[in-house]
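# Fold and contact review
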Amino acid sequence: PAPLQTAKAWLSYYQEREANPAYLDSVAQYLPQNQLWEQAQLQFERQQYAPALELLAKLNPSNQNRLDYLYLKGQCLEALARFPEAYETYQQVYTKYPNSIEAGIKAATTLLKAYPGQQETLTQARAILQELYAEKPFDVRILNNLGFVALNQGKREEARFYLEEALRYDPDYLLAKQNLGYLR
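Below is a summary of the structure that appears in this document. (Residues numbered from 1 in each chain as written. Predicted model: local features only at pLDDT ≥ 70, side-chain atom pairs only at ≥ 80, totals over all residues. Heavy atoms only, no water.)

The secondary structure content of the protein amounts to 11 helices and zero strands. Counted from the first residue to the last, the protein has its helices and strands arranged as α-α-α-α-α-α-α-α-α-α-α. Based on the C-alpha atoms only, the size of the protein along its principal axes is roughly 60 × 35 × 25 Å. The buried share of the protein, reckoned over its 184 residues, is 43%. A fraction of 47% describes how many contacts in the protein between residues 6 or more apart in sequence connect residues 24 or more apart. A gap of 1 Å separates the mean positions of the 19 positive and 21 negative side-chain charges of the protein. (Helix = DSSP H or I, 4+ residues; strand = E, 2+ residues; numbered from the N terminus. Buried < 20%, exposed > 50% of the residue type's maximum accessible area, 1.4 Å probe, protein only. Contact = heavy atoms within 4.5 Å. Lys, Arg positive; Asp, Glu negative; His and termini not counted. Charge placed at Lys NZ, Arg CZ, Asp CG, Glu CD.)

Here you go:
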């Protein structure tokens, strides 16, 4: 296979099967420098978030509205603790692709990180999470985050409902257990 195909195969294997850093070395060995999208993914996987963002900014503007582009940009911004920008990026993804549960969860959680403790933030995050809950009421991440928001809004019984529901679906879900501990 061509070097680019080999690099893509190693990157895919790393992302989907086994996150062994040695595979990233193989990606770097075969990946042509002019493949900006794959280079950005490689930098992200190597936890080099600022260089990944720089590479993403160099991509053709027509690529900058793609779901995968926006999502990777949001992940980089979030990893760099640039939460307001990450929220805006994930919200953009969620607005363009309302069926993307991942983007909705990320929009709500980065909003909570960007503006912690503000009632308006809690209200906005709750609205996003309620939309997601209507689509996927059994997702433990959605349930946990709804419980977290309700807990921070002082709605203890509602928080207990969501957190216990999350644990009903996944009894080992650590975040829900921790949030439920705050109720006791």
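Continuing now.
All right, on to the pattern of salt bridges then. The tally for this structure, following the rule as stated, stands at 12 salt bridges. Of the charged contacts in the structure, one is a salt bridge between Arg66 and Asp68, with a shortest N-O distance of 2.9 Å. Residue classification places Asp68 among the partly exposed residues on the basis of a relative accessible area of 36%. We note a salt bridge from Glu158 to Arg126, for which the minimum N-O separation is 2.5 Å. Remark: Arg126 occurs in helix 8 (residues 119-135) and Glu158 occurs in helix 10 (residues 156-169); sequence separation between them is 32 residues. (Salt bridge = Lys/Arg side-chain N within 4 Å of Asp/Glu carboxyl O.)

The next point concerns the environment of Tyr87. When you line up the elements, Tyr87 lands in helix 6 (residues 83-96). Owing to a relative accessible area of 15%, Tyr87 belongs among the buried residues under this scheme. The sequence separation of Tyr87 and Leu111 amounts to 24 residues, and the corresponding C-alpha distance is 5.4 Å. If we skip the residues at most four places from it in the chain, Tyr87 touches Ala107, Thr110, Leu111 and Ile128.

Let us now look at the side chain of Gln153. For Gln153, the location among the structural elements is in the loop between helix 9 (140-152) and helix 10. Looking at Gln153, its side chain comes within polar contact range of the side chain of Arg126, at 3.4 Å. Residue contacts for Gln153: discarding those within four places in its chain leaves Gln119, Leu122, Thr123 and Arg126. (Polar contact = N/O pair within 3.5 Å; in protein donor to acceptor, adjacent residues only side chain to side chain.)

Once that is clear, we can look at the nonpolar core. Residues Leu56, Leu72, Cys76, Ile128 and Leu132 are the most contacted members of the largest nonpolar core, which totals 48 residues. Of all hydrophobic cores here, the second largest spans eight residues; its members include Ala7, Leu11, Leu24 and Val27. (Core = buried A, V, L, I, M, F, W, Y, C linked by side-chain atoms within 4.5 Å.)

So, about helix 10. Between its first and last C-alpha, helix 10 extends 20 Å over 14 residues, near the 20 Å set by a 1.5 Å rise per residue. Looking only at helix 10, the buried set comprises Ala159, Tyr162, Leu163, Glu165, Ala166 and Leu167. In this structure, the buried residues of helix 10 make contact with helix 8, helix 9 and helix 11 (174-183). (Expected span 1.5 Å × (residues − 1).)

Let us now look at the packing of helix 6 against helix 8. The N-to-C vectors of helix 6 and helix 8 enclose an angle of 35°; their axes lie 13 Å apart at closest approach. Every pair of crossing elements has a handedness; the one defined by helix 6 and helix 8 is left-handed. Listed contacts from helix 8 to Tyr87, Gln91 and Tyr94 of helix 6 are Ile128, Glu131 and Leu132. (Axes fitted to C-alpha atoms, helices over the stretch in contact; angles between N-to-C directions. Left-handed = near helix turned anticlockwise from the far one by under 90°.)

The residue Gln47 is not glycine, and still its phi comes out positive at about 65°. Within the secondary structure, Gln47 is located in the loop between helix 3 (36-45) and helix 4 (49-58). Residue Ala81 is not a glycine yet carries a positive backbone phi of 60°. Within the secondary structure, Ala81 is located in the loop between helix 5 (67-79) and helix 6.

Let us now look at the packing of helix 10 against helix 11. Put simply, helix 10 and helix 11 touch, their axes get as near as 9 Å, and they point 150° apart. One finds that helix 10 runs roughly antiparallel with respect to helix 11. Crossing geometry of helix 10 relative to helix 11 is assigned as left-handed. Contacts from Arg156, Ala159, Arg160, Leu163, Glu164, Ala166 and Leu167 in helix 10 reach Ala176, Lys177, Asn179, Leu180, Tyr182 and Leu183 in helix 11. The class makeup of the residues in the contact of helix 10 with helix 11 is eight nonpolar, one polar and four charged. (Parallel < 35°, antiparallel > 145°, perpendicular 65-115°, else oblique. Nonpolar A, V, L, I, M, F, W, Y, C, P; charged D, E, K, R; others polar.)

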